Amino acid sequence: DDVEKTEIESLCVACEEMGCTKLLLTRIPHFREVMIASFDCTHCGYSNKEVQSLGEIQEKGCRWTLKVLSSKDLGRQVVKADTASLKIPELEFEVPPQAQPGVFTTVEGLLQRAVDGLEQQQSVRRAVNAALADQ
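Source: prediction; values computed, not measured.

A. Looking closely at the overall build of the chain. Within the chain one finds 3 helices and 8 strands. Mapped from its N terminus to its C terminus, the chain presents α and β elements in the order β-β-β-β-β-β-β-β-α-α-α. Out of the 135 residues in the chain, the part that is buried amounts to 22%. A separation of at least 24 residues holds for 35% of the contacts in the chain among residues at least 6 apart in sequence. With an accessible surface of roughly 10,200 Å², the chain has 51% of that area assigned to carbon and sulfur atoms.

In structure tokens, the structure reads:
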């Protein structure tokens, strides 16, 4: 198992102090080689975690289904590629491929990113089409 870890000091985009970036190069079975990057700032508490694809996607993709039956299920860790979609049929909700960067997070983290993305442009949507923004 080839795992290459690197830790470097880097500038925090939030407070401009020095923080720590950790890089992990690894291969995810049935997927591809990836770089998992994690930044943490001890000065302001800012953190960011991201997954970047390094190799070709394997010929056959995977479909994973998770039924959330309790709040504990929201804490499950997941790796979501930038080419993956997230669907919640019960809510008629979908995050299409390429709408979010690849990320290593939890199920709750994926949902929070989707909410943040929707809220980010809400004022613009409201100005253009108030009825659509209220949906």
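B. Spatial organisation of the pairing of strand 3 (residues 33-40). Across the 8 residues that make up strand 3, a large majority, 6, are buried. Pairing of strand 2 (residues 18-27) with strand 3, which is carried by 8 bridges, proceeds in the antiparallel orientation. Counterpart to Leu25 in the pairing with strand 3 is Met35. Counting the residues that bridge the hairpin from strand 3 to strand 4 (residues 47-53) gives 6 residues, and of these Gly45 lies at a positive phi of roughly 90°.

C. Just the sheet that holds strand 1 (residues 4-11), in detail. One open sheet holds the 4 strands; their spatial order is 1-2-3-4, and the pairing between them is antiparallel. Each of the sheet's edge strands pairs with one partner strand only, and the pair in question is strand 1 and strand 4. Sheet twist, expressed as the average angle between the axes of neighbouring strands with direction ignored, equals 20°. Strand direction decides the pairing type here: strand 3 and strand 4, joined by 7 bridges, are antiparallel. Paired with Val34 across the two strands is Ser53, which belongs to strand 4.

D. Representation of the packing of aromatic side chains. Inspection of every chain in the model, using the stated rule, returns 1 aromatic pair. Centre to centre, the rings of Phe39 and Tyr46 are 6.1 Å apart; their planes meet at 50°, and the pair counts as tilted. Assessed through its relative accessible area of 9%, Phe39 is described here as buried. Residue classification places Tyr46 among the partly exposed positions, given a relative accessible area of 31%.

E. Spatial organisation of the pattern of salt bridges. If you walk through the whole model with that rule in mind, you get 2 salt bridges. Between Lys49 and Asp40 there is a salt bridge, with the nearest N and O atoms lying 4.0 Å from each other. Judged by its relative accessible area of 33%, Asp40 falls in the partly exposed class. A salt bridge links Arg76 to Asp73; its shortest N-O distance comes to 3.6 Å.

Conventions adopted
Per chain, residues are indexed from 1 in the order of the written sequence. Local features are withheld for residues below a pLDDT of 70 in this predicted model, meaning they are given only at 70 or higher, and side-chain atom pairs are given and counted only at 80 or more; totals for whole chains, interfaces and linings count all residues. Think of the side-chain values as coming from all heavy atoms in the structure, minus any hydrogens and water. The numbering of helices and of strands both runs from the N terminus, where a helix is a DSSP run of H or I of at least 4 residues and a strand a run of E of at least 2. Burial status follows relative accessibility: with a 1.4 Å probe on protein chains alone, a residue under 20% of its type maximum counts as buried, one over 50% as exposed, and anything between as partly exposed. Here, two residues are considered to be in contact whenever any of their heavy atoms come within 4.5 Å of each other. Each accessible area value is a Shrake-Rupley result obtained with a 1.4 Å probe; residue values ignore everything except the protein chains displayed when judging cover. Between any two strands, at least two bridges found by DSSP are needed for them to pair. Each axis is a line fitted through C-alpha atoms, taken for helices only over the stretch in contact, and angles between the N-to-C directions span 0 to 180 degrees. Aromatic contacts are taken between Phe, Tyr and Trp rings whose centres are within 6.5 Å, Trp giving its six-membered ring; a plane angle under 30 degrees counts as stacked, one over 60 as edge-to-face, and the others as tilted. Within this document, salt bridges are pairs made up of a side-chain nitrogen of Lys or Arg and a carboxyl oxygen of Asp or Glu, the two lying within 4 Å of each other.

Functional significance is not addressed by these values, which are geometric in nature.
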